[in-house]
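Each chain, letter by letter, is given below.
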Amino acid sequence: MAEDGFRSGFVAVVGRPNAGKSSLINAVAGAKLSIVSWHPNTTRRALRTVTTGEGFELILVDTPGTTQGQAGLGKMLAGVAEEEMGNADFSLAVVDASRGVAGKDALLLDRLGERDLVVLTKIDLVPRPRLLELLAELSRWSLGEYLLASSKTGEGVGEVRGALVSRLPFGPRMYDPNTRVDQPLLLWIGDLVREQLLRHLRDELPHAVECRAEEVEEGTVDVVIYVERESQKGIVIGSGGSVLAAVRRAVNRRMPSGLSVQLRVKVASNWQHDPKRLAEFGY
Ligand SMILES: Nc1nc2c(ncn2[C@@H]2O[C@H](COP(=O)(O)OP(=O)(O)OP(=O)(O)O)[C@@H](O)[C@H]2O)c(=O)[nH]1
Ligand SMILES: [Mg+2]
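This write-up is about the structure you can find in this document. (Residues numbered from 1 in each chain as written. Chains lettered and ligands numbered in written order. Predicted model: local features only at pLDDT ≥ 70, side-chain atom pairs only at ≥ 80, totals over all residues. Heavy atoms only, no water.)

1. Details of unusual backbone geometry
Part 1 of the argument: The residue K122 is not glycine, and still its phi comes out positive at about 60°.
Part 2 of the argument: The residue K122 is located in the loop between β5 (117-121) and α4 (128-138) in this model.
Part 3 of the argument: Look at N270: it is not a glycine, yet its phi comes out positive at around 50°.
Part 4 of the argument: Mapping N270 onto the fold places it in the loop between β10 (260-267) and α9 (275-280).
Part 5 of the argument: For N270, a relative accessible area of 42% corresponds to the partly exposed category. (Helix = DSSP H or I, 4+ residues; strand = E, 2+ residues; numbered from the N terminus. Buried < 20%, exposed > 50% of the residue type's maximum accessible area, 1.4 Å probe, protein only.)

2. A look at the coordination of the magnesium ion (ligand 2)
Part 1 of the argument: Coordination of the magnesium ion (ligand 2) by the protein involves S22 (OG) and T43 (OG1), with metal-donor separations of 2.0 to 2.1 Å. Residue S22 is located in helix α1 (residues 21-29), and its partner T43 is located in the loop between α1 and β2 (47-53); the two are separated by 21 residues in the primary sequence.
Part 2 of the argument: By relative accessible area, which is 8% here, S22 ends up buried.
Part 3 of the argument: Owing to a relative accessible area of 11%, T43 belongs among the buried residues under this scheme. (Donors = N, O, S within 2.8 Å, 3.2 Å for Na, K, Ca; no water.)

3. Structural notes on the side chain of T42
Part 1 of the argument: Residue position: T42 is located in the loop between α1 and β2.
Part 2 of the argument: Owing to a relative accessible area of 6%, T42 belongs among the buried residues under this scheme.
Part 3 of the argument: Not counting residues up to four positions away in its chain, the partners in contact with T42 are I35, V36, S37, R194 and L198. (Contact = heavy atoms within 4.5 Å.)

4. Things to note about α1
Part 1 of the argument: Taking burial as the measure, the nine residues of α1 include seven buried ones, the bulk of the element.
Part 2 of the argument: Where α1 is buried, its residues contact β1 (7-15), β2, β3 (56-62), β4 (90-96), β5 and α5 (157-166).
Part 3 of the argument: Just past α1, the residue G30 takes up positive phi, approximately 70°.

5. Examining the pairing of β4
Part 1 of the argument: In terms of residue burial, β4 counts as a mostly covered element, since seven of its seven residues are buried.
Part 2 of the argument: Across the two faces of β4 the burial is the same, with F90, L92, V94 and D96 and S91, A93 and V95 all buried.
Part 3 of the argument: Sheet topology note: the β1/β4 ladder contains five bridges and is parallel. Across the sheet, the residue bridging to G15 is V94, located in β4.
Part 4 of the argument: The pairing of β4 with β5 spans five bridges and is classified as parallel. Bridged to V94 within β5 is V119. (Pairing = 2+ DSSP bridges.)

Following this line, the structure appears as structure tokens:
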């Protein structure tokens, strides 16, 4: 039964790779729900996160950064954002203030309108006068609201949440109040492993890894880390297994109680451009 005046709805969070979408979602949600890394294209799948409060349920849909004119995996990722924008009640475009409004932002903003919002994020990295210039640039697009935020310091995050909630349609709650993330647990665990690999490997092979998790026995989740070439296996394993061991420890600290991961590395040749592999990995 809908409570009187209750608001509930979906917001597609969209923007260039690395703009700070997932970080902003985590900041608004007040919990680490979506994976974040320094590397573009960290988010590969739409992720519905649920934030509830007095009289509202806000579902923020994280999407992969939109890139144009790519093939293989890149093309699949761009399609995800597209689809989620179509399904959502409205969109929140995230623009990285430290990089300015670029052509790729313009392409996305052209597709938005008065029901959509835009947030300049990473404002902790940018002096105030520059922010005013950027806001003036963004006013070329007639959007519903212009916001400023830093996921790092928390500045403006409350305002972003308030603006989003006030625009949600009236409607009943859609999720169980305890649900924070609407994604199969095994997919989420695969992403946790990938996040830690990105952290531990830095520049070495961030795009080349994909992680698939499977529960093999009570309490143990087997995660296969796929790389593109035999020569990349050693990098992921680390000398004497050091990288894998560090990743496993970090992931296990965040696993739901009673569950732990074991990791293995396999080669899936050129998987990012192999339609069969992409389908098998669920893209
Ligand atoms: N200084 C600062 N850094 C930020 C802020 N928000 C995000 N970052 C950093 O920016 C990088 C990218 O952040 P993500 O949240 O993963 O960006 P994203 O838009 O989800 O990226 P993709 O999933 O790859 O499209 C990470 O290194 C974050 O720590 C912010 O407000 N201030
Ligand atoms: Mg992301």
